[in-house]
Structures are given as C-alpha cells and as structure tokens.
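# Commentary on secondary and tertiary structure
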Amino acid sequence: MALNLDTIRAAADRVAASHGLDVVEIEYVATAKQRALRVFVEKTAIERERLAAHAATLGSTGKEDGDEDEGVVPASVAAGTVSMDQLAWVTHEDCEIFSRDFGTLIDVEDLIPGAEYTLEVSSPGLDRKLYHAADYERFKGSLVKLQTFEPIAGNRHFQGRLIAMNGSKVVIDTAAIKPKGKNKKKPLEQSAEIEMANIEKANLVPEI
C-alpha cells in the first residue's frame, strides 16, 4: 500500500486539534537506511493569542506570583527582536504528547505500511520554513531568505525584509540587509518581487 500524505496530514490535524495545536507542515524523508516522518506543530492561533496576552501582563522575569506553568517571556521577545506571533509556544511536553497519540493512530490505522519508521515532532523554530501565502502574510516585517527555482537577473538567492504579498508575488526589501565583510556596496535594487511558484524554499531569519 502506497504512502498517502494527505491521509496522514488529516490524521495529524485531528490529533493536533485535540491538544490545542495546529500542524504547520509534514515532511516524509525516505533513504535506503531510514524512513522518517517529520511533523512541525504550534499552538493554535487562539492559544497563541491567549499566551501572548498572558505574557504581556508579566514582568521581565516572565513570571508572576504563583505562576509556574506558562507565560514565560523569552529574552528575544522582551528585547523586542522577535514578535510574539513568531513563537509557536510549543513545549517539549506538547511534542511528546502529540507524538505518543499520533504514533498510536498511525500504527492502528496502518498509515505508514512496511518497515520501521521514525516519527519526529517539533516546533517550526525561529528559522521556520515558509510554505504558503498565509505564511508570508503572517510574517510580514520579518527578515527572510529565499532560494528560487529559476534565477532572477542571474540570482537565485535573496535575503531581505518581507514587505508584502503583491498578488502572487512576494515582495522583499533587499536593502534591509547590511553588507558584511569587504563587500560594503548596497544592492542595486532596493526590493525584489518573486513569484511564489518560483520559490524553491524560504525561511525566516532569526533576529536575536
């Protein structure tokens, strides 16, 4: 029986929803020696908003009297270099519980037939990948790095601040990156518009 990622994603979404989580993306990697199913999860938008509001009421220590379980404000957030919305708010315990329940469902429904596999569950991280148009809308204002399938003006690698979505195009401010080392010249173009269909991969660049 062939592996059906759509069926696996639907099952993962069901398990995640029962724990106040969203599945960001699923990746399946198969080599001659190993098969791995990687699942990236984060708290739902409602949970992220609730936790952010709670954290905003706390001091720089991230805790208030009697607060032991949640609401810790990361130093990067307190310093203003990372926005609350960039944080998945996922704990190791969240990943462990999801992994246990989802792994059981995979085995019961035989969603990954054949030889043994490894289930890896984690947060997307501060350098998270951007997959969909909604990701680019959500993280406007963040630094990103992109690689295209086809070169644009001879270049396949871009880095800058995500400005907007212009129809099907992603707009980034390439002048937002300060040149390093001996190359002190500013880019000739102050911005770049890249068709989403031409983006091979894209990641946030942590500002820490």
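This report concerns the structure included in the present document.

Calculation rules
- Residues numbered from 1 in each chain as written.
- Predicted model: local features only at pLDDT ≥ 70, side-chain atom pairs only at ≥ 80, totals over all residues.
- Heavy atoms only, no water.
- Salt bridge = Lys/Arg side-chain N within 4 Å of Asp/Glu carboxyl O.
- Helix = DSSP H or I, 4+ residues; strand = E, 2+ residues; numbered from the N terminus.
- Buried < 20%, exposed > 50% of the residue type's maximum accessible area, 1.4 Å probe, protein only.
- Pairing = 2+ DSSP bridges.
- Axes fitted to C-alpha atoms, helices over the stretch in contact; angles between N-to-C directions.
- Contact = heavy atoms within 4.5 Å.
- Parallel < 35°, antiparallel > 145°, perpendicular 65-115°, else oblique.
- Left-handed = near helix turned anticlockwise from the far one by under 90°.
- Nonpolar A, V, L, I, M, F, W, Y, C, P; charged D, E, K, R; others polar.
- Core = buried A, V, L, I, M, F, W, Y, C linked by side-chain atoms within 4.5 Å.
- Expected span 1.5 Å × (residues − 1).
- Arc of directions from axis to C-beta.

### Digging into the pattern of salt bridges
- In the structure shown here, the tally under the stated rule is 14 salt bridges.
- For Glu42, the salt bridge identified is with Arg128, shortest N-O distance 3.1 Å. Of this pair, Glu42 sits in strand β2 (residues 35-43) while Arg128 sits in the loop between β3 (118-122) and α5 (133-138), and the two are 86 residues apart along the sequence. Each of the two residues, Glu42 as well as Arg128, counts as buried.
- Salt-bridge contacts for Arg100 lead to Asp101; the nearest nitrogen and oxygen are separated by 3.0 Å.
- Bridged by salt links that share partners, the residues Glu42, Arg48, Arg128 and Arg138 form one connected network.

### A short note on the sheet that holds strand β4 (residues 143-152)
- Read from one edge of the open sheet, five strands run β7-β6-β5-β4-β8, paired in antiparallel fashion. Only two strands of the sheet have a single neighbouring strand rather than two, namely β7 (192-195) and β8 (199-204). The mean inter-strand angle of the sheet, taken between neighbouring strand axes irrespective of direction, is 45°.
- Strand direction decides the pairing type here: β4 and strand β5 (residues 155-166), joined by six bridges, are antiparallel. The residue of β5 that forms the bridge with Lys145 is Gln159.

### Some remarks on the sheet that holds β3
- Taken in spatial order, the three strands of this open sheet run β1-β2-β3, and their pairing is mixed. Across the chains shown, the open sheet's two edge strands, defined by having one partner strand only, are β1 (21-30) and β3. Within the sheet, the average angular offset between the axes of one strand and its neighbour, ignoring direction, is 20°.
- As paired strands, β2 and β3 are joined by five bridges and run parallel to one another. Considered in β3, the bridge of Arg38 is made with Glu120.
- Sitting on the sheet, helix α1 (residues 5-17) is in contact with β1 and β2, with an inclination near 145° to β1.

### Focus: the pairing of β5
- Turn length for the β4-β5 hairpin, with the two strands adjacent in sequence and antiparallel, is two residues, and the turn residue Ala153 shows positive phi of about 55°.
- Across five bridges, β5 lies against strand β6 (residues 169-173) in antiparallel orientation. In the strand pairing of β6, Arg161 is matched with Asp173.
- A loop of two residues connects β5 with β6, the two strands running antiparallel in sequence, and Gly167 in this loop sits at a positive phi of about 70°.

### Some details on the packing of α1 against helix α4 (residues 92-109)
- Running from N to C, α1 and α4 cross one another at 140°; their axes reach a closest spacing of 10 Å. Viewed along their axes, α1 and α4 adopt a mutual orientation that is oblique. Our pair here, α1 against α4, has a crossing hand that is right-handed. Residues Ile8, Ala11, Ala12, Arg14, Val15 and Ala16 of α1 lie in contact with α4, whose contacting residues are Phe98, Asp101, Phe102, Leu105 and Glu109.
- Looking at side-chain class alone, the contact of α1 with α4 contains eight nonpolar, no polar and three charged residues.

### Focus: the nonpolar core
- Counting 22 residues, the largest nonpolar core has Leu37, Val39, Val41, Phe98 and Phe102 as the members making the most contacts within it.
- Elements represented by at least two residues in this core include exactly α1, β1, β2, α4 and β3.
- Sequence-distant contacts of Val41, that is, excluding residues within four places in its chain, are made with Leu21, Asp22, Val23, Val24, Ala88, Val90, Cys95, Phe98, Val121, Ser122, Ser123 and Pro124.

### Some thoughts on helix α2 (residues 45-56)
- Over its twelve residues, α2 extends 16 Å from the first C-alpha to the last, a length consistent with the 16 Å expected when each residue adds 1.5 Å.
- Within α2 the residues assigned to the buried category are Arg48, Leu51, Ala52, His54 and Ala55. The buried residues of α2 all sit within an arc of 160° when viewed along its axis, so they share a single face. Facing away from the buried surface of α2 by more than 90 degrees, the exposed residues are Ile46, Glu49 and Ala56.

Interpretation in functional terms is not warranted from these geometric data alone.
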